[in-house]
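Residues per chain, in single letters:
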Amino acid sequence: MPAGNARLRWRKFVSGFMLTMTGVCALVAVAVLFFILGYLVYHGGTSINWNFFTKLPAPVGETGGGMANAIVGSAKLLLLATVIGVPIGFLGAIYLAEFSTGPIAFVVRYAADLLNGVPSIVIGIFAYSLVVLPFKHFSTLAGGVALGVMMIPITLRSTEDFMRAVPNTLREGAMALGASKWKTIYTVIVPAAYRGILTAVLLAFARVAGETAPLLFTAFGNRYWSPGWNQPIESLPHMVYIYAISPYEDWQRQAWAAGLVLLGLILIINILARTILARGVSVPRS
Amino acid sequence: MAATTTTVHSAGPVTGSRSFLDRLRDGDELARLITFVFAAATVLITVLLVFELWTGSVLPRHKFGLDFFLTRVWDPNSGDFGALPFIYGTLVTAAVSLIIAVPLGIGAAIFLAELAPARVSDTLQFFIDLLAAVPSVIYGLLGVFIIVPMMREYIQPALNNTLGFIPLFTGPAYGIGFLTAGIVLAIMVIPYIISVSREVLLSVPRDQREAALALGSTRWESTWKVVVPFARTGIMGSIFLALARALGETMAVTMVIGNTPNISASLFSPGYSIAAVIADQFTEATGDLYLQSLIELGLVLFLLTFILNGLARILIVATSQRSGGGH
């Protein structure tokens with residue numbers, strides 16, 4: 001059957017070719033990560049020095065300066081976001097996993113999934129009308145609220161998943177020893193799920209650490225220190241944005257450096273959360 | 001009158017409070033109440049978000065009605081606000097990104113789910129997850145300094161020379177524009193397509209593959225004609241998810257699209273997207289009508305992503321349930 005053989009050879013060739021192509025697709029996709037890292041290290045590595053971490057931005061036209069205010073600003077915004085987002089997400093998740101029944105749980109889950117899918121720029125509009133308009137000026141508080149709102153659904157849904165993954169025998173054991181439901185939760189279930197919960201919180205933190213869009217008209221940006229919580233404040237991702245689109249070469253150089261610091265921080269948190277903490281627990285994807 | 005109301009009110013809790021306090025003693029009721037308040041806060045915030053977007057965009061809704069979506073003049077000075085150029089820009093860039101990202105993403109997902117040994121697949125998936133964590137402003141940074149010059153110097157002239165007879169690939173090569181924004185978006189959404197599609201493909205029951213192979217099909221035939229069709233609703237779900245991300249993506253797009261309200265057949269021309277115009281003009285919007293028009297754009301974006309995310313979830317859940325039944 002020469003014709004049949006030729007057909008089989010063709011089918012085998014197609015099979016091999018297409019499967020190779022899928023491998024190429026996977027390689028291309030993964031290569032992008034190393035491409036991004038390589039470029040950031042190449043362009044930004046030389047601009048990272050002591051001044052970058054300790055100095056304020058230089059006035060327009062002068063070279064030098066650093067991003068100390070943006071680094072502190074990002075830290076303050078993220079602290080506020082964590083204080084707002086994690087308790088709501090964590091305690092709400094306890095309700096969902098341990099207390100909830102039927103329709104209420106469905107509504108909460110639905111709201112969280114909806115919130116998770118809202119584009120970050122729209123969260124910015126929300127924080128603007130909620131905080132900036134009543135106070136009549138941009139502030140650290142507004143930026144923190146925007147980022148905090150983004151942290152809620154990520155923390156909530158993954159914490160619930162991790163708490164549900166705790167075997168029921170543990171709950172029953174604690175109950176059989178006479179512990180109340182609440183005692184069971186905080187002495188047995190939360191400790192059993194803590195690695196997963198911490199992973200979820202870290203991933204939520206890393207996710208909002210790089211957000212720029214919700215900060216544009218909430219935290220706004222500031223070339224100086226921002227004392228207190230009630231004034232406009234600078235942040236690293238916002239600095240990357242305005243320096244990248246600026247016409248000054250020195251600023252563009254610093255945009256690369258800020259990008260490298262930002263990405264380094266986010267990747268380190270991600271790697272820590274996914275490898276060390278999450279060993280043995282499967283990380284749900286947001 | 002006031003005295004009677006007080007007595008009536010205090011009468012209720014006094015009789016009921018003893019048993020309530022009893023229940024409070026072991027902490028269960030209190031814990032339930034506190035955690036419920038925080039769970040309810042999530043719902044409240046979501047409702048408040050929709051409420052703020054709705055009440056914040058009353059003026060343009062009343063003044064322009066549906067014309068808001070159908071007119072192309074965006075002139076803050078004369079008070080004319082038509083969103084068509086932004087809607088056009090959002091749809092075109094999202095379409096370009098999907099045309100690039102869908103084949104690449106599904107191809108990579110097939111490799112990870114069907115071919116690669118578990119260890120290799122997990123390692124690569126780890127990198128894909130990291131890629132999904134890269135902030136959009138970093139993609140914007142690379143877009144501005146790497147992709148824009150590359151488009152201007154090489155890709156756009158080359159496309160113009162070879163495919164210039166199609167109106168899509170005509171016009172001067174600025175580097176920025178719809179095509180560049182679409183390419184940056186494609187790079188950003190590929191990880192989402194890969195992650196979800198891989199998961200869906202992995203959930204296809206083994207016997208489907210084995211049956212196809214036993215009937216004499218090659219590895220590719222069993223993958224492409226049996227496994228992929230089996231998972232196709234879930235894969236569609238991953239595409240909707242990616243589309244929702246692409247529509248709402250702000251920073252990377254605003255940095256490379258050119259920020260010009262423009263409807264043009266050419267993919268090389270600069271444009272604007274809904275998210276980009278909000279990011280770009282919100283702080284300088286003077287006057288209520290201007291600001292509220294931008295908020296209405298936010299509402300449009302919210303509704304688009306709301307519908308797409310909902311569809312995506314339904315499709316993905318439907319596939320995993322079907323696979324569960326197949327075992």
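Everything below is about the structure printed above this text.
This is a predicted model, so every value here is computed, not measured.

Trainee: How do you make sense of the overall build of chain B when you look at a structure like this?
Mentor: Within chain B, the regular secondary structure consists of 14 helices and two strands. Here the C-alpha atoms of chain B give a radius of gyration of 26 Å, more than 25% beyond the 20 Å that 2.2 N^0.38 yields for 327 residues. With the principal axes as the frame, chain B shows a C-alpha extent of 90 × 70 × 35 Å. For chain B, buried positions account for 53% of its 327 residues. Pairs at least 24 apart in sequence give 74% of the contacts found in chain B among residues at least 6 apart. Surface exposure of chain B reaches about 14600 Å², of which carbon and sulfur atoms provide 68%. Distance between charge centroids for chain B: 8 Å, based on 18 positive and 21 negative side chains.

Trainee: Can you help me understand the pattern of salt bridges in this one?
Mentor: Oppositely charged side chains are able to pair whenever their charged atoms sit close together. Counted under the stated rule, the structure contains 13 salt bridges over all chains. The salt bridge involving Arg313 of chain B is made with Asp113 of chain A; its shortest N-O contact spans 4.0 Å. One end of the pair, Arg313 of chain B, is in helix H14 (residues 288-326); the other, Asp113 of chain A, is in helix H4 (residues 102-117), on a second chain. Asp129 of chain B serves as the salt-bridge partner of Arg274 of chain A, at 3.6 Å between the closest nitrogen and oxygen. Here the residue Arg274 of chain A occupies a position in helix H10 (residues 249-277), and Asp129 of chain B occupies one in helix H6 (residues 118-133), the pair thus bridging two chains. The class for Asp129 of chain B is buried, based on a relative accessible area of 9%. A network of salt bridges, in which partner residues are shared, links Arg109, Asp113, Arg157, Glu160 and Arg164 of chain A together with Arg313 of chain B.

Trainee: I keep staring at the interface of chain B and chain A and nothing clicks. Help me out?
Mentor: By a widespread convention, an interface's size corresponds to the accessible area lost as its parts come together. Contact residues are listed per partner, giving 78 residues for chain B and 80 residues for chain A. For the pair chain B and chain A, the summed buried area comes to about 6900 Å², and 80% of that belongs to carbon and sulfur atoms. In this assembly, chain B and chain A are joined by three salt bridges. No other element matches the 16 residues that helix H2 (residues 28-55) of chain B contributes to the side of chain B that touches chain A. Of the residues in the side of chain B that touches chain A, the class split is 49 nonpolar, 17 polar and twelve charged.

So, how was this worked out
- Residues numbered from 1 in each chain as written.
- Chains lettered and ligands numbered in written order.
- Predicted model: local features only at pLDDT ≥ 70, side-chain atom pairs only at ≥ 80, totals over all residues.
- Heavy atoms only, no water.
- Helix = DSSP H or I, 4+ residues; strand = E, 2+ residues; numbered from the N terminus.
- Rg over C-alpha atoms; globule rule 2.2 N^0.38 Å.
- Buried < 20%, exposed > 50% of the residue type's maximum accessible area, 1.4 Å probe, protein only.
- Contact = heavy atoms within 4.5 Å.
- Areas by Shrake-Rupley, 256 points an atom, 1.4 Å probe, with all protein chains shown as cover.
- Lys, Arg positive; Asp, Glu negative; His and termini not counted.
- Charge placed at Lys NZ, Arg CZ, Asp CG, Glu CD.
- Salt bridge = Lys/Arg side-chain N within 4 Å of Asp/Glu carboxyl O.
- Buried area = accessible area lost by both parts, 1.4 Å probe.
- Nonpolar A, V, L, I, M, F, W, Y, C, P; charged D, E, K, R; others polar.

The analysis is restricted to geometry; functional conclusions fall outside its scope.
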